[in-house]
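# Geometric and topological summary
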Amino acid sequence: MSILLEARGLRTGYGRLPVVFNIDLEVHEGEIVALLGANGAGKTTTLRALSGLLPLMAGEVRLDGRPLDGTPADKIARRGVVHVPQGRGIFPNLRVEETLRLACAMAKIPRPEVDGRVDGVYGVFPPLHARRSQLAGALSGGEQQMLAIARGLIMKPRVLMIDEMSQGLAPTIVQGLFGIVRSLPAQGVAVLIVEQFVTHALDVASRAYVLEKGEVAYSGDAAALARDEAFVKGSYLGDGGNGEVAVNGSELRFGGAEDMRLPAGLLQAIESRAEAEGRNPAEVVLELLWGAIESPARQTPGDGKGGTS
């Protein structure tokens, strides 16, 4: 596969303060690449530099061998490098269809092509078609993320860069979104994804990069990295700032919170389920927590659980 997007010696940051240093990175045609690392490692900053939102302090970025340095972000997007930012960035007071048609207008898509582009992303995300007249702010978190990705896909990118797609979403929703990401290379879209659900990201990616303190600490095969148990478990420890969850020994650790010691029987059950399903124990914990949060809402006062009628 030929190199589509590449960075060589990339150095960038904010003001005069560099955040990432000497980043060498490639995205080939038809592949998914995971960009991983702890909070503050420089992942989002790297995506912003690749998409033209941040100027380079050193190094170069190329698309199809042609330099992108100094090219405005909107022109980079029209050339095929589209950035879906962390936090979704939707307009809550616009309806779903208005959001997509505005994306077409901003991308300067010819008017005769607009209907086809909108119908195309509805085909990828059927729930959006069902809610096309609904305000974006009234969508669920998963639907808002679908809308953010649809807004990027409507531009027919060659490289789609997605920053923290799963943030704040239930694991079942995340699995569905990753299924869509997995299908994109078959549609001619390469993907560079920054993601906190490390095992999901490595499962769909063919290659991976790991950033540590603004530098590339690993570059290589995603499957090989997924087999590195120490890395995968360590990825859930985070830096205490974003509510990461980790199972560490007999402790349940939340970023920024006190450690909670798990009963031995519960810990064994979590680890057994994780091993049987080929998952990280932290993901099982997250799924169980979501189930506990959602189940009271499904119970009614007369369901015979924990109370009198």
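All of these numbers come straight from a predicted model, not from anything done at the bench.

## Quick notes on the overall build of the protein
For the protein, the helix and strand inventory stands at 12 helices and 13 strands. In the protein, which comprises 309 residues, the share counted as buried stands at 44%. Pairs at least 24 apart in sequence give 64% of the contacts found in the protein among residues at least 6 apart. Carbon and sulfur atoms provide 52% of the accessible area of the protein, an area that totals close to 15,000 Å².

## Comments concerning the environment of Val 124
Looking at where Val 124 falls in the secondary structure, it is placed in helix 4 (residues 111–124). Note on Val 124: relative accessible area 23%, which makes it partly exposed. It is 9.8 Å that separates the C-alpha atoms of Val 124 and Leu 184, two residues lying 60 residues apart in sequence. The residues contacting Val 124, other than those within four sequence positions of it, are Leu 153, Ile 180 and Gln 187.

## Comments concerning the nonpolar core
Formed by 53 residues in total, the largest nonpolar core has its most connected members in Leu 36, Leu 100 and Leu 160. In terms of residue count, helix 6 (residues 141–153) provides more of this core than any other element does, 6 residues in total. Apart from the residues within four sequence positions on either side, Leu 160 is in contact with Val 82, Val 84, Ile 149, Gly 152, Leu 153, Leu 184, Val 189, Ala 190, Val 191 and Leu 192. Counting 26 residues, the second-largest nonpolar core is a separate cluster that includes Ala 7, Leu 25, Met 161 and Tyr 209.

## Points about the packing of helix 3 (residues 96–106) against helix 6
The geometry of helix 3 relative to helix 6 is characterised by a closest axis approach of 9 Å and an angle of 25° between their N-to-C directions. On the basis of their axis angle, the class for helix 3 and helix 6 is roughly parallel. Judged by the twist between their axes, the crossing of helix 3 over helix 6 is right-handed. For the pair formed by helix 3 and helix 6, the contact residues are Val 96, Thr 99, Leu 100 and Ala 103 on the first element and Leu 147, Ala 150 and Arg 151 on the second. In the contact of helix 3 with helix 6, the residues fall into 5 nonpolar, 1 polar and 1 charged.

## Describing helix 3
Taken together, the buried positions of helix 3 are Val 96, Thr 99, Leu 100, Ala 103 and Cys 104. Considered in projection along helix 3, the buried side chains sweep an arc of 140° and stay on one side of the axis. Counted as exposed and oriented over 90 degrees from the buried face of helix 3: Ala 105 and Met 106. Each element contacted by the buried residues of helix 3 is listed here: helix 4, helix 5 (126–130) and helix 6.

## A closer look at the sheet that holds strand 4 (residues 58–63)
Backbone hydrogen bonds hold the strands of a sheet together, and the pairing may be parallel or antiparallel. A sheet is described by the order of its strands in space; here 4 strands give the open sequence 2-1-4-5, paired in antiparallel fashion. Since the sheet does not close on itself, it has two edges, and those belong to strand 2 (17–28) and strand 5 (66–67), each with one partner. Alignment of strand 1 (residues 3–14) against strand 2, held across 8 bridges, turns out to be antiparallel. Counterpart to Ile 3 in the pairing with strand 2 is His 28. Sheet strands touched by helix 1 (residues 43–50): strand 1, strand 2 and strand 4. Its angle to strand 1, the strand with the most contacts, is close to 115°.

## Points about the packing of helix 3 against helix 4
Orientation of helix 3 relative to helix 4, taken along the N-to-C sense of each, is 125°, at an axis distance of 10 Å. Relative to helix 4, the element helix 3 is oriented oblique. Handedness of the crossing formed by helix 3 with helix 4: right-handed. Contacts between helix 3 and helix 4 involve Val 96, Glu 97, Leu 100, Arg 101 and Cys 104 from the first element and Val 114, Asp 115, Arg 117, Val 118, Val 121 and Tyr 122 from the second.

## Things to note about the side chain of Thr 12
Mapped onto the secondary structure, Thr 12 falls in strand 1. A distance of 2.6 Å separates a polar atom in the side chain of Thr 12 from the backbone oxygen of Pro 55. If near-sequence neighbours (up to four positions away) are discounted, Thr 12 is found in contact with Pro 18, Val 19, Val 20, Thr 45, Ala 49, Leu 54, Pro 55, Leu 56 and Met 57.

## A few points about the pairing of strand 1
Where strand 1 hands over to strand 2, the hairpin turn is made up of 2 residues, of which Gly 15 adopts a positive phi near 65°. Of the pairings in the sheet, the one linking strand 1 to strand 4 comprises 5 bridges and is antiparallel in character. The residue of strand 4 that forms the bridge with Glu 6 is Arg 62.

Conventions we followed
Residues numbered from 1 in each chain as written. Predicted model: local features only at pLDDT ≥ 70, side-chain atom pairs only at ≥ 80, totals over all residues. Heavy atoms only, no water. Helix = DSSP H or I, 4+ residues; strand = E, 2+ residues; numbered from the N terminus. Buried < 20%, exposed > 50% of the residue type's maximum accessible area, 1.4 Å probe, protein only. Contact = heavy atoms within 4.5 Å. Areas by Shrake-Rupley, 256 points an atom, 1.4 Å probe, with all protein chains shown as cover. Core = buried A, V, L, I, M, F, W, Y, C linked by side-chain atoms within 4.5 Å. Axes fitted to C-alpha atoms, helices over the stretch in contact; angles between N-to-C directions. Parallel < 35°, antiparallel > 145°, perpendicular 65-115°, else oblique. Left-handed = near helix turned anticlockwise from the far one by under 90°. Nonpolar A, V, L, I, M, F, W, Y, C, P; charged D, E, K, R; others polar. Arc of directions from axis to C-beta. Pairing = 2+ DSSP bridges. Polar contact = N/O pair within 3.5 Å; in protein donor to acceptor, adjacent residues only side chain to side chain.

Any link to function would need more than the numbers given here.
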